[in-house]
Amino acid sequence: MSQPTEQPLQVAYSPCPNDTFTFHAWAHGQVPGAPPIDVTFADIDVTNGMAQRGEFDVLKVSYAVLPYVLDEYALLPCGGALGRGCGPLVLTRDRATPADLAGRTVAVPSELSTAYLLFRLWAAAEVPGGVGEVVVLPFHEIMPAVRDGKVDAGLVIHEARFTYRDYGLTCLADMGAHWEDTTGLPIPLGAIIAKRSLGAPLLRRLAEAARTSVRMAWDDPTASREYVLANAQEMDPAVTDQHIGLYVTEFTADLGEAGYAAVRGLLTRAAAEGLVPPLGRDALAFPGA
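Residues numbered from 1 in each chain as written. Predicted model: local features only at pLDDT ≥ 70, side-chain atom pairs only at ≥ 80, totals over all residues. Heavy atoms only, no water.

Caption draft 1: Fine view of the sheet that holds strand β6 (residues 89–92). Spatial ordering of the open sheet is given by β8-β7-β9-β6-β10, a layout of five strands whose pairing is mixed. Pairing within the sheet leaves two strands with one partner each, and these edge strands are β8 (134–136) and β10 (170–174). When strand polarity is set aside, the average angle formed by the axes of neighbouring strands in this sheet is 30°. Across four bridges, β6 lies against β10 in antiparallel orientation. When the bridges of β10 are listed, T92 appears paired with T170. Across the sheet, helix α4 (residues 114–126) lies against β6, β7 (106–108), β8, β9 (153–156) and β10, angled at about 125° from β9, the strand it touches most. (Pairing = 2+ DSSP bridges. Helix = DSSP H or I, 4+ residues; strand = E, 2+ residues; numbered from the N terminus. Axes fitted to C-alpha atoms, helices over the stretch in contact; angles between N-to-C directions. Contact = heavy atoms within 4.5 Å.)

Caption draft 2: Broad picture of the packing of aromatic side chains. In total, this model carries six aromatic pairs according to the counting rule given. Plain terms: the ring middles of F41 and Y227 are 6.2 Å apart, the flat faces sit at 40° to each other, and that makes the pair tilted. Of the two residues, F41 is situated in strand β2 (residues 37–41) and Y227 in helix α9 (residues 225–230); the sequence distance between them amounts to 186 residues. Under the relative-accessibility criterion, F41 is labelled partly exposed at 33%. For Y227, a relative accessible area of 14% puts it in the buried group. (Phe/Tyr/Trp six-rings, centres within 6.5 Å; stacked < 30°, edge-to-face > 60°. Buried < 20%, exposed > 50% of the residue type's maximum accessible area, 1.4 Å probe, protein only.)

Caption draft 3: Broad picture of the nonpolar core. Formed by 81 residues in total, the largest nonpolar core has its most connected members in W26, L59, Y63, L66, V90, F119 and W122. For this core, the leading source of residues is α4, giving eight residues. Leaving out residues up to four positions away in the same chain, L66 has contacts with V61, L75, A191, I193, V263, L267 and L284. (Core = buried A, V, L, I, M, F, W, Y, C linked by side-chain atoms within 4.5 Å.)

Caption draft 4: Fine view of the packing of α4 against helix α12 (residues 256–272). Two numbers describe how α4 lies on α12: the axes approach to 11 Å, and their chain directions differ by 55°. Here α4 is positioned oblique relative to α12, judged by the angle of their axes. Once α4 is placed against α12, the crossing between them reads as left-handed. Here α4 contributes T114, L117, L118 and L121 to the contact with α12, which in turn contributes L266, L267, R269 and A270. For the contact of α4 with α12, the residue count by class is six nonpolar, one polar and one charged. (Parallel < 35°, antiparallel > 145°, perpendicular 65-115°, else oblique. Left-handed = near helix turned anticlockwise from the far one by under 90°. Nonpolar A, V, L, I, M, F, W, Y, C, P; charged D, E, K, R; others polar.)

Caption draft 5: Seen up close, helix α7 (residues 175–183). For α7, the set of buried residues is M175, G176, W179 and E180. Angular distribution of buried residues about the axis of α7 spans 130°; they occupy a single face of the element. Summarising the contacts, the buried residues of α7 are in contact with β6, α4, β9, β10, β11 (187–195) and α12. One side-chain oxygen at the N-terminal end of α7 lies 2.9 Å from the backbone nitrogen of G176; it belongs to D174. With its phi angle positive at about 75°, G184 sits one or two positions after the end of α7. (Arc of directions from axis to C-beta. Polar contact = N/O pair within 3.5 Å; in protein donor to acceptor, adjacent residues only side chain to side chain.)

Caption draft 6: Representation of the pairing of β11. With nine of nine residues buried, β11 is to be regarded as a mostly interior element. In this sheet, β11 lies alongside strand β3 (residues 58–62) in antiparallel orientation, the contact comprising five bridges. Each bridged residue has a counterpart across the sheet, and for V61 the counterpart in β11 is A191. Two strands pair when backbone bridges link them, and strand β4 (residues 73–75) and β11 are joined in this way by three bridges, in the antiparallel orientation. Looking at the pairing, Y73 lines up with K195 of β11. Here three bridges tie strand β5 (residues 81–83) to β11, and the two strands are oriented antiparallel to one another. In the sheet register, G83 faces β11, and the bridge partner there is I187.

Here is the structure:
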């Protein structure tokens, strides 16, 4: 008698190279024993909203959204994006100082993004009186908006670190450098979360699948190449490689003590500033551990 077919889990992550590289093996059924998944691509602002509405079984979200969703979702101890030297940048057309941003319009990729949370912590210390209007744009539209004068500055993430000079832009400040200089911790950017209702045994399988998938990608980087480039929004292959090297780190395979310390540090500091709700005592604990 045949075993019943396991229903695929609904998973959403971005088309960015770090996610497609990390999840290639799992998404293509190559991870032994992993639960099958159906993948939907969506930008981080969209997945943050999906998490708040309780949509999808597994999601890549900003760490900044965790205080709003951890009642329903659990943080997986792997699969996400943390690192060093990989933080968001504030870009302007002309050379400027932080004080020049006072009262100015800034484009950001999401008001619930970790990038924006890091920016708010930085601006509170560095921009007298604070910035003016904040507008949300898809991340690939931010640099053109700054270049064309539609906004005064832009907060950018991902491969924009490598390409902003192509738009004639200047880096005013590095949010990651500010975070690392003031805390000594790695930069928490994107998290993988899964519904608690799936139960501890399945959550453990999910974590192992994500961990195995990224290790398979490291073992044979060429295997995911076609999948990565097909979804990289016309990104240059050399930039794609830089992107993966910067955002897929040892923390992607395992958050470890330093990773959890970075996440707690970010969300505790943000809560103290009144930027996010405070975390519950065991909110970050993995139920499958």
